[in-house]
Amino acid sequence: MRYTWPRFLKTFAAVGAVAVIGLVVFELASALEPRIRMRVDAQRNPLVVFVVIDALRRDHVETLGSQRATTPDLARLAKEGFVASGMLAHSSQTAPSVASMFVSKAPHAHGVQFDPRTKRFGNNGKSKAPVLTKSNLTLAEVLRGEEYFTAAVVANPWLREEFGFAQGFDQYVEIPCHKHGRGVCDGARINEEASKVIRNHAAEKTLLYLHYLDVHNPYAHAGKLPRVFRDGPGRVVYRNGKAKGVSSKDLAYTIDAYDDGLLYTDSLIGQLVRELESVAAERDVLLVITSDHGDEFLEHGGLGHGSTLYPELLETFAIFWRPDGRARHPRDERLSGTIDIAPTLLDLVGIRKPREMAGRSLLGSSSGRPIIAELAGQKAAIKEYWGVIRDLDARQDEVVAYSGAAESEPSAELVAELSSLLDALDVRATVNSAAPDPKVVQQLKALGYIE
Ligand SMILES: [Zn+2]
C-alpha cells in the first residue's frame with residue numbers, strides 16, 4: 001500500500017518549506033544588499049547625527065583594543081551596528097582631518113594644511129590658520145541640497161566659522177573652550193545644544209554634526225570627573241610634540257586621566273543615544289561616530305598629536321548605528337579612510353555620492369586602495385596595513401607597520417608602489433589660510449597648540 005502523508009503533515013511541510021525558502025532568500029538579500037536593509041527612509045524625516053570624538057585613539061575603545069571598560073556605550077553601539085575597524089585618519093591634526101571627513105578628499109586635495117613655510121601655527125604674526133575654502137563641496141552642503149536642515153555644535157577652536165568649517169550648515173554653534181578652565185570644553189553643553197536641535201526640528205530631515213573635545217589633552221577636564229582609572233595622587237603631563245623626562249608614573253597617570261575623560265565622553269554618547277531612541281518611533285535615525293586622530297603616549301618619543309603620522313595617531317574607526325539593530329552588519333576590518341565615511345553615510349540615506357568625493361561607500365566591494373595621510377612636512381601612503389612615511393625636509397622614507405600588518409616585512413614591490421605614490425603626490429598643492437582672531441589664538445593656546 002502506498003504511504004500517503006496525513007493532510008496536516010503535508011500542510012506543515014509546505015509551510016515549513018516556504019518559510020525556509022523565505023528565510024534563505026531574506027538572508028541572501030540581506031547579505032547582498034545591506035544598503036537596502038540598513039538604509040533610512042527619506043519619507044520619515046531622517047535624523048542623521050555625525051559625532052566626532054576629538055583625539056580618541058582606536059586602541060582605547062572597548063572591543064577595538066582597550067582592555068579597560070572605557071566605553072560601555074560605544075561597545076553596545078558597535079555590537080548593534082556596523083563598525084569599520086581598519087579605518088585611518090588622513091592627518092593627525094584636527095583641521096585637515098575633519099576637512100577630509102566632510103569633503104571626502106585627502107588634505108592636499110582640499111587645501112586645509114599648515115602652511116609648509118611656517119610649519120606650525122605660531123604667534124609671530126606671520127603664521128596663518130588653515131581654511132576650508134568655498135571651492136570644496138562638503139557633506140553638509142550635499143545634504144542641505146537634499147532639503148536637510150543642517151546643524152553643528154563644535155568644541156574645537158580649529159573648526160571656527162571663520163576657518164570655513166561652517167559652510168553648508170544652517171546653524172553652527174561653537175562651544176567656547178577657555179571659560180571653564182584650561183583647555184576645557186564640556187561635552188554636556190554639546191548635548192544640551194543637540195537636544196534643542198532635535199526638539200526644534202522634529203519635522204525636518206536633519207543633519208546634526210557634534211564635535212566633542214572631552215578626550216583631548218591637556219586632560220584637565222578629567223580633574224572634575226569621578227576617578228575611575230586614576231589611582232592615587234599623580235600629575236598629568238601634556239604637550240604636542242617631543243616630550244623628554246616624563247616619568248613612567250606621570251605617563252601612567254596621564255593615560256588614566258585620558259581614560260577618565262573617555263569614560264565621561266562615552267556617558268555623553270549614551271545620553272545622546274537614549275534621546276535618539278526616544279524619537280525613533282516618529283522618525284528614522286542614523287548615528288555615525290568616529291574620531292579625527294589619536295593621541296601619543298610616548299610611543300615615538302612624544303605626547304599629544306599633530307606632529308607625526310604613526311599608528312597611534314592615525315588609527316581610528318567608524319561606527320554606524322540605527323535603533324533596534326537596524327544597521328547591524330559584520331565588522332569591516334579592511335583598511336579604509338575617514339574619507340569613506342561621507343560616501344557611506346550618503347549611501348545609507350539613499351543619496352548618490354557626488355563626483356567630487358574621492359572616498360567610497362564601505363557597503364561596496366573591497367577596494368584595496370592606498371590611504372594617504374598628511375602633515376605639512378610629512379606624507380604617508382599606506383596599503384595592506386604597511387605604510388611609507390616620508391619626511392619632506394630630510395628626504396627620508398620610513399616603513400611602518402599599522403595594526404593588521406603581517407608579521408613579516410612588506411614586499412619590495414609594495415614599498416616601491418607606496419614610494420612612487422608619494423613621488424606623484426602634489427605636495428605643493430594650494431594651502432589655504434587666514435589670520436585668526438586673537439580670541440581664537442587664546443583658545444588654541446589653552447589646548448597647547450601655541451606656546
Ligand atoms: Zn583633533
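See the structure above.
Values in this document were obtained by computation on a predicted structure and should not be read as measured data.

Reading guide: rules and limits
- Residues numbered from 1 in each chain as written.
- Predicted model: local features only at pLDDT ≥ 70, side-chain atom pairs only at ≥ 80, totals over all residues.
- Heavy atoms only, no water.
- Helix = DSSP H or I, 4+ residues; strand = E, 2+ residues; numbered from the N terminus.
- Buried < 20%, exposed > 50% of the residue type's maximum accessible area, 1.4 Å probe, protein only.
- Contact = heavy atoms within 4.5 Å.
- Areas by Shrake-Rupley, 256 points an atom, 1.4 Å probe, with all protein chains shown as cover.
- Phe/Tyr/Trp six-rings, centres within 6.5 Å; stacked < 30°, edge-to-face > 60°.
- Salt bridge = Lys/Arg side-chain N within 4 Å of Asp/Glu carboxyl O.
- Pairing = 2+ DSSP bridges.
- Axes fitted to C-alpha atoms, helices over the stretch in contact; angles between N-to-C directions.
- Donors = N, O, S within 2.8 Å, 3.2 Å for Na, K, Ca; no water.
- Core = buried A, V, L, I, M, F, W, Y, C linked by side-chain atoms within 4.5 Å.
- Polar contact = N/O pair within 3.5 Å; in protein donor to acceptor, adjacent residues only side chain to side chain.
- Parallel < 35°, antiparallel > 145°, perpendicular 65-115°, else oblique.
- Nonpolar A, V, L, I, M, F, W, Y, C, P; charged D, E, K, R; others polar.

Chemist: Hey, could you go over the overall build of the chain for me, with residue numbers and the actual values?
Modeler: The helix and strand tally for the chain stands at 12 helices and 17 strands. Buried positions account for 57% of the 451 residues belonging to the chain. Put simply, of all contacts in the chain between residues at least 6 apart along the chain, 73% involve residues at least 24 apart. Accessible surface for the chain amounts to roughly 19600 Å². Of this, 52% is attributable to carbon and sulfur atoms.

Chemist: Account for the packing of aromatic side chains, naming residues and giving values.
Modeler: A complete count under the given rule lists 10 aromatic pairs for this structure. Plain terms: the ring middles of phenylalanine 50 and phenylalanine 102 are 5.3 Å apart, the flat faces sit at 35° to each other, and that makes the pair tilted. With phenylalanine 50 in strand S1 (residues 47-53) and phenylalanine 102 in helix H4 (residues 94-103), the pair connects residues that are 52 residues apart, well separated along the chain. Residue phenylalanine 50 shares its accessibility class with phenylalanine 102, and that shared class is buried. Where phenylalanine 169 meets tyrosine 172, the ring centres are 5.6 Å apart and the plane angle is 45°; that geometry is what we call tilted. Exposure class is identical for phenylalanine 169 and tyrosine 172. Each is buried.

Chemist: Go over the pattern of salt bridges with me, naming the residues and quoting the values.
Modeler: Pairs may arise between side chains of opposite charge once their charged atoms sit close together. If you walk through the whole model with that rule in mind, you get 22 salt bridges. Here arginine 76 makes a salt bridge to glutamate 80, at a shortest N to O gap of 3.0 Å. Within this pair, arginine 76 and its partner glutamate 80 are both found in helix H3 (residues 72-80), separated by four residues, close to a single helical turn. Residue classification places arginine 76 among the partly exposed positions, given a relative accessible area of 28%. Via salt bridges that share partners, Arg44, Asp284 and Arg322 belong to a single interconnected network.

Chemist: Can you explain the sheet that holds strand S14 (residues 378-383)? Please cite residues and give values.
Modeler: Strand order in the open sheet made by the four strands is S13-S14-S15-S16, with antiparallel pairing throughout. The two strands at the open ends of the sheet, each matched to only one other strand, are strand S13 (371-374) and strand S16 (396-401). On average, each strand axis in the sheet is inclined to that of its neighbour by 20°, with strand direction left out of account. When S13 meets S14, the two strands line up antiparallel, connected through four bridges. Residue pairing in the sheet places isoleucine 371 in a bridge with isoleucine 382 of S14.

Chemist: Requested: an account of the coordination of the zinc ion, with residues and values cited.
Modeler: The protein atoms that coordinate the zinc ion are Asp54 (OD), Asp54 (OD), Thr94 (OG1), Asp292 (OD) and His293 (NE2), at distances spanning 2.0 to 2.7 Å. The motif formed by the donor residues of the zinc ion, counted along the single chain, is D-x39-T-x197-D-H. On the criterion of sequence distance, the pair formed by aspartate 54 in the loop between S1 and H3 and histidine 293 in the loop between strand S8 (285-290) and strand S9 (296-297) is long-range, its members being 239 residues apart. For the pair aspartate 54 and histidine 293, a shared accessibility class is recorded, and that class is buried.

Chemist: Please give an account of the environment of arginine 395 that cites residues and values.
Modeler: Assignment of secondary structure puts arginine 395 in the loop between strand S15 (386-391) and S16. It is 9.7 Å that separates the C-alpha atoms of arginine 395 and glutamine 378, two residues lying 17 residues apart in sequence.

Chemist: Talk me through the sheet that holds strand S7 (residues 241-242); I want residue IDs and the actual numbers.
Modeler: The sheet built from three strands is open, its strands ordered S7-S10-S9 with antiparallel pairing. Lying at the two open borders of the sheet, with one neighbouring strand each, are S7 and S9. As judged from the two bridges shared by S9 and strand S10 (residues 302-304), these two strands associate in the antiparallel manner. Along S10, the bridge assignment pairs phenylalanine 297 with leucine 303.

Chemist: Go over the nonpolar core with me, naming the residues and quoting the values.
Modeler: Judged by nonpolar contacts, the single largest core of 53 residues is most densely connected at Val51, Leu210, Leu287 and Ile289. Among the elements of the structure, S1, H3, strand S4 (149-154), helix H7 (187-200), strand S6 (206-212), helix H8 (248-279), S8 and strand S11 (315-321) are those that each provide at least two residues to this core. It is H8 that provides the largest number of residues to this core, a total of 11 residues. Of all hydrophobic cores here, the second largest spans 49 residues; its members include Val40, Val131, Leu346 and Val349.

Chemist: Would you mind going over the environment of proline 157 in detail, with residue names and values included?
Modeler: Tracing the backbone shows proline 157 in the loop between S4 and strand S5 (171-174). Proline 157 sits 20 residues away from cysteine 177 along the chain, and the two C-alpha atoms are 7.6 Å apart.

Chemist: For the pairing of S1, give the residues involved together with the corresponding values.
Modeler: With seven of seven residues buried, S1 lies mostly within the body of the structure. Of the two faces of S1, the one carrying Leu47, Val49, Val51 and Ile53 and the one carrying Val48, Phe50 and Val52 are both buried. Summarising the sheet, S1 and S6 pair through seven bridges and their orientation is parallel. Residue pairing for S6: valine 52 is matched across the bridge by histidine 211.

Chemist: I'd like a rundown of the side chain of arginine 230, residues and numbers included.
Modeler: For arginine 230, the position within the fold is in the loop between S6 and S7. Side-chain polar atoms of arginine 230 contact the backbone oxygen of leucine 225, separated by 3.1 Å. Within polar-contact distance, the side chain of arginine 230 engages the side chain of aspartate 260 at 2.6 Å.

Chemist: Give a description of the packing of H7 against H8 that names residues and reports values.
Modeler: Between H7 and H8, the least distance of the axes is 10 Å, while the angle of their chain directions is 10°. Classified by the angle their axes make, H7 and H8 are roughly parallel. For the pair formed by H7 and H8, the contact residues are Gly187, Ala188, Asn191, Ser195 and Ile198 on the first element and Tyr264, Leu268, Gln271, Leu272, Glu275, Leu276 and Val279 on the second. Residue composition of the contact of H7 with H8, by class: seven nonpolar, four polar and one charged.

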